[in-house]
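# Structural overview
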Amino acid sequence: MRERRQHLILVGLIALALLGAAALAVPGSPIHKEPVLGLDLQGGLEVVLQAVPERGETLQATDLERSKEIIRNRIDKIGVAEPEIRTQGDDQIAVELPGVENADQARDLIGQTAQLELYDLQTSLVGPSVSGLDFQAVPAAKLNDLLAAAATQSLVRENGGAAYYLFETEPKRLVAGPLPTREALLDTESAGGKVPKGHKVFALPNKTAVITCGNRGDFCPGVGAVSGGAVYFYLFKHDLQADPPVPQMRGEDLELSGTQSDFDTQTGQPIVLMQFTDAGADKFHDITRDEAQRGRRLFNQSGGGDPDLYNQNFAIVLDRELITAPSIDFTQYPDGISGGQGAQITGIGSIGEAQAIALVLQTGALPVKFKTLSERNISATLGEDSLRKALRAALAGMVLVAVFLLVAYRFLGLVAVIGLAIYAAFLYAMILIFNVTLTLPGFAGMILTIGVAADANIVIFERIKEEARSGKSVRAAVGTGYAKGFSTIVDANVVTAITAVVLFVLATAGVKGFALMLLIGTAMSLITAVFATRAMLGLLAGFRWFARPGFMGATGAVIPKWIQHDYVGKRRIWFAFSAAIIAISLGSLGVKQLNLGIDFEGGTELSFQTPQPTALDEVRDQAATIGQEGAIIQGVGDEFPGQRYGEFSIKTEALDGPESQRLRGELEDAFEITNFGATTVSASFGEQIARSAIYAIIFSLFLVVLYITFRFQWKFALATITAMIHDLVIAIGIYSVAGLEVTSATVAALLTVLGYSIYDTIIILDRVRENLPLMRRATMQTIGNVSLWETIRRSLATTFITLLPISALYVFGGETLKDFAFALLVGIGSGAYSSIFIAAPMVAWLKEREPEFAKRRETATGKDTEPPASGDGKAPVDVVPPPVEPKASPSASKRERRRQRRSSRPHGRAR
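I will try to describe carefully the structure that is included in this document.

Rules of the game
- Residues numbered from 1 in each chain as written.
- Predicted model: local features only at pLDDT ≥ 70, side-chain atom pairs only at ≥ 80, totals over all residues.
- Heavy atoms only, no water.
- Helix = DSSP H or I, 4+ residues; strand = E, 2+ residues; numbered from the N terminus.
- Buried < 20%, exposed > 50% of the residue type's maximum accessible area, 1.4 Å probe, protein only.
- Contact = heavy atoms within 4.5 Å.
- Areas by Shrake-Rupley, 256 points an atom, 1.4 Å probe, with all protein chains shown as cover.
- Pairing = 2+ DSSP bridges.
- Axes fitted to C-alpha atoms, helices over the stretch in contact; angles between N-to-C directions.
- Polar contact = N/O pair within 3.5 Å; in protein donor to acceptor, adjacent residues only side chain to side chain.
- Parallel < 35°, antiparallel > 145°, perpendicular 65-115°, else oblique.
- Phe/Tyr/Trp six-rings, centres within 6.5 Å; stacked < 30°, edge-to-face > 60°.
- Core = buried A, V, L, I, M, F, W, Y, C linked by side-chain atoms within 4.5 Å.
- Left-handed = near helix turned anticlockwise from the far one by under 90°.
- Nonpolar A, V, L, I, M, F, W, Y, C, P; charged D, E, K, R; others polar.
- Disulfide = S-S within 2.5 Å.
- Salt bridge = Lys/Arg side-chain N within 4 Å of Asp/Glu carboxyl O.

## Structural notes on the overall build of the protein
- On a plain count of helices and strands, the protein comes out with 25 helices and 29 strands.
- Residues counted as buried form 51% of the 911 residues belonging to the protein.
- In the protein, 75% of the contacts between residues at least 6 apart in sequence involve partners at least 24 apart.
- Element-wise, carbon and sulfur atoms account for 57% of the exposed surface of the protein, whose accessible area totals about 40700 Å².

## Some thoughts on the sheet that holds strand β2 (residues 44-52)
- With respect to topology, eight strands assemble into an open sheet ordered β3-β4-β2-β22-β28-β25-β27-β26, the strand pairing being antiparallel. A strand with exactly one partner marks an edge of an open sheet, and here the two such strands are β3 (84-88) and β26 (632-640). Averaged over all neighbouring strand pairs, the angle between strand axes comes to 20°, with direction disregarded.
- The pairing of strand β25 (residues 603-615) with strand β27 (residues 644-652) spans eight bridges and is antiparallel. If you follow Phe608 over to β27, its bridge partner there is Phe648.
- This element, helix α4 (residues 103-110), spans β2, β4 (92-98) and β22 (369-378) of the sheet and lies at about 15° to β2.

## Looking at the sheet that holds strand β9 (residues 174-179)
- Reading across the sheet, the three strands line up as β9-β8-β10 and stay open at both edges, with antiparallel pairing between neighbours. Every interior strand has two partners, whereas the edge strands, β9 and β10 (199-205), have only one. For this sheet, the mean angle separating the axes of adjacent strands, direction not counted, is 15°.
- Judged from the three bridges that link them, strand β8 (residues 161-168) and β9 form a sheet pairing that is antiparallel. Looking at the pairing, Phe167 lines up with Leu174 of β9.

## Some remarks on the side chain of Ser129
- Among the structural elements, Ser129 can be located in the loop between α5 (121-124) and β6 (130-131).
- Within polar-contact distance, the side chain of Ser129 engages the backbone nitrogen of Leu235 at 2.6 Å.
- If we skip the residues at most four places from it in the chain, Ser129 touches Gln136, Ala137, Val138, Leu146, Tyr234 and Leu235.

## A look at the environment of Ala738
- With respect to the helices and strands, Ala738 occurs in helix α20 (residues 714-738).
- Linking Ala738 and Asn595, residues 143 residues apart in sequence, is a C-alpha distance of 9.4 Å.

## Focus: the pairing of β2
- Of all nine residues in β2, eight are buried, a share of seventy percent or more.
- Sheet analysis places β2 next to β4, joined by seven bridges and oriented antiparallel. Of the residues in β4, the one forming a bridge with Leu45 is Leu97.
- Strand direction decides the pairing type here: β2 and β22, joined by nine bridges, are antiparallel. Paired with Glu46 across the bridge in β22 is Arg376.

## Considering the packing of helix α11 (residues 380-433) against helix α12 (residues 440-469)
- One can describe the packing of α11 onto α12 by two numbers: an axis separation of 7 Å at closest approach and a directional angle of 10°. One element, α11, and the other, α12, form an angle in the roughly parallel class.

## Points about the packing of aromatic side chains
- Taken as a whole, this structure holds 16 aromatic pairs when the rule is applied.
- A centroid spacing of 4.9 Å and a plane angle of 80° characterise the contact between Tyr119 and Phe236, whose relative ring orientation is edge-to-face. Placement of Tyr119 in strand β5 (residues 116-120) and of Phe236 in strand β14 (residues 232-237) is noted, with a sequence separation of 117 residues between them.
- Judged by its relative accessible area of 0%, Tyr119 falls in the buried class.
- An aromatic cluster is built from Tyr567, Trp574, Phe577, Tyr833 and Phe837, whose rings are joined through pairwise contacts.

## Details of the nonpolar core
- Of all hydrophobic cores here, the largest spans 133 residues; its most connected members are Phe461 and Ile708.
- The biggest single contributor to this core is α11, with 18 residues.
- Of all hydrophobic cores here, the second largest spans 30 residues; its members include Leu109, Ala343, Ala356 and Ile357.

## What about the environment of Ala25?
- Note that Ala25 resides in helix α1 (residues 2-25).
- Expressed as a C-alpha distance, the spacing of Ala25 and Ala425, which sit 400 residues apart in the sequence, is 9.3 Å.
- In this structure Ala25 touches His32, Tyr428 and Leu432, once residues within four positions along its chain are discounted.

## A short note on the packing of α12 against helix α13 (residues 474-506)
- Between α12 and α13, whose axes approach to 8 Å, the crossing angle comes to 145°. Our pair here, α12 against α13, has a crossing hand that is right-handed. In contact with Val452, Ala456, Val459, Ile460, Phe461, Arg463, Ile464, Glu467 and Ala468 of α12, α13 contributes Ala477, Val478, Thr480, Gly481, Tyr482, Lys484, Gly485, Thr488, Ile489 and Asn493.
- Of the residues that constitute the contact of α12 with α13, the class distribution is eleven nonpolar, five polar and three charged.

## Details of the state of the cysteines
- One pass over the structure, following the stated rule, counts one disulfide.
- The side chain of Cys213 participates in a disulfide bridge whose partner is Cys220; the two sulfur atoms lie 2.2 Å from each other. Its S-S torsion of approximately -100° makes the covalent link between Cys213 and Cys220 left-handed.
- Assessed through its relative accessible area of 0%, Cys220 is described here as buried.

## Here's the deal with the pattern of salt bridges
- Enumeration over the complete set of coordinates arrives at 22 salt bridges.
- Lys715 is the partner of Glu850 in a salt bridge, and the nearest nitrogen-oxygen pair spans 3.3 Å. Of this pair, Glu850 sits in the loop between α23 (815-847) and α24 (851-861) while Lys715 sits in helix α20, and the two are 135 residues apart along the sequence.
- Overall, Glu850 belongs to the buried group, its relative accessible area being 18%.
- By relative accessible area, which is 12% here, Lys715 ends up buried.

Now the structure itself:
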């Protein structure tokens, strides 16, 4: 009676928790919450920036925190809802802008250093960028030409090099750099330790800076008006220790609150108004006075002419890019211009550009420069499409699992389906309560945990059926089944949790969503299997109609004949077969290697759809017109006649923001593309991801071995780690043989495979450990076989039910998740094989080396050698036959029924 009351209380608590979960999910409820969708499900921009301090400077933690706050202020001013800005590692800032409408504007703002520098143009130009005593600007059309001219004039030899660049001789393309030393430049992959043939190294002279012009402004010194995207290069002095310093003024001389965008009242053109500090106003006046006097002097020396030709310029440079260079009219301002009224930046292309410049100046300069490590831009329509496919995959996975449970476990299956529904409700509530951001990998983790939740029930249900077949009452079978199955479930779920935690700590942001969902789902599945279904079965066991083993599918032999094979004795066959597969895998890895995606190699990947099926050659031709002849362009999804597709993928070298934007614009004009997504990963960030992946695999293996050793013994751990490496090598080998692309999501899948491989292995090894003290005279071969016979059905059942939702993910999850699901399918299938044919036989082989089991083997075989594997499929001579239920007499059956009726009543007493 007390036990029943406990179950009733537990069921009541679960019902209250379900009401709370419903209140969270139902719109209009006082505590209703909406799930937070990630970028890949609602569209948006994600950028990872890396701080690059100046040469000789050290990055401080305060610099990173200050930069984060400046970026946050900029994003707040453009009105992005719920941005996520976080530091990661020692020198990186990750920015996620879900639902941002103008991703290009946001990209330009968040990483812009906003280092405002104001130069006396004519006296700041140096070397090849200035000509004659009249200070005429000489622009260079290519950076290669500018640095080559500086080398010719011996500026580097006299002053030393500040940065080094590697160029192709033709077409003068920058290959690597800038890097602080020549040695660092030659150590890059592009150089390979020496200057490659057809390449040349040029250095930037010390105390100089390269200033570009043309990207923003429409006037460049020495050129005049510019258009058509032409960019010019200049060499400026840059020496803050000089007297006077160059640049003569910096952003710190601005009054940030007085800086704003506006329109010129005379021309109607957009401008940026700058207000100076008191010290800045004095500097501005001094500089413009010097320029006015110099202009007058040059005019007088020339003997007359047009005065405008001798006006000097005040150059305004933002992040080493010349925005405008207004001239100082020495006839109108002979004593220069007072800085008390501020100044203005003119020559800006659009009001949007003016607003962007004003915004970065208002928020202040970032304390350090940043470079973009990776960038992901996903359209809202692509996000909606991904969300729809993910929901469809999740629903299909739940339906498949529910059908299997009902068919295989009858009424117990119905209890498990109810438990699965409770699990889904609790999981969704946890997502809402903790504001977990749902991402596409996170959805994959959620779908995967459907199998996790069902696995726990299967382990217990098989135990219950086993106990019922042995003659126990249903109530006793339920209690014993949960008691014996609990440790197995805990061991298996702890290993899965270890994998999830390692992934969360070491993986990239996208994979973190998968790891977090896997961790939460594993915890929820344990709770529902141990408490929810336990309480339901505990209550049902008190009813007479439930007290029939057949009602739970617990009829038939304890161990069917089709299972009874000599698995351990034939271990040489299984080991040889696995060795052959591993040899093929390693051979392919040595010859073909792996098809690494941009996550590891770096590059840009664009994905998009076209309204109508489009020929692959048409897309290739269009990409070639804008310089992407070498891009890998593939059709995705269904193929229509004439190599026509509705979805496409373009992979190329890493493109910066403007290049990616231009490519997208050309494709939109040509094909009216939809569902656009773009991901760019730098080579250095790819190397970082690769290192994290290796660390994650090694650390996971270490922790799992440590746990298995602690829970079992080192021989079990060695067998487990062998099975894990077996599954890992085969899964990677299949990727190599098939040429499938390996991404960071693939690494997550492989780590998950390790967890699931152990799940099955633990089910079997736990039974081996349980049988060791029970079968005191049996050989290790016998113990291994019997343990396999007793657990093989539940091992196969847990594997199959896990593969069901993954298959749904493969079929319905879309192209984004197909490779991820494929890795899981391969790995989990291999894990099921290794648990039965590698781990269990290997434990038996290792244990047979112990003196006690060696003696048992000698006694059973009559000689001190290992018994040969039988080839006739029959059990070895010393295998203990499975227990068979004795046939009960009619009177015994009546007594048993009366005992069961008494046990179902309170305290077992008849009324």
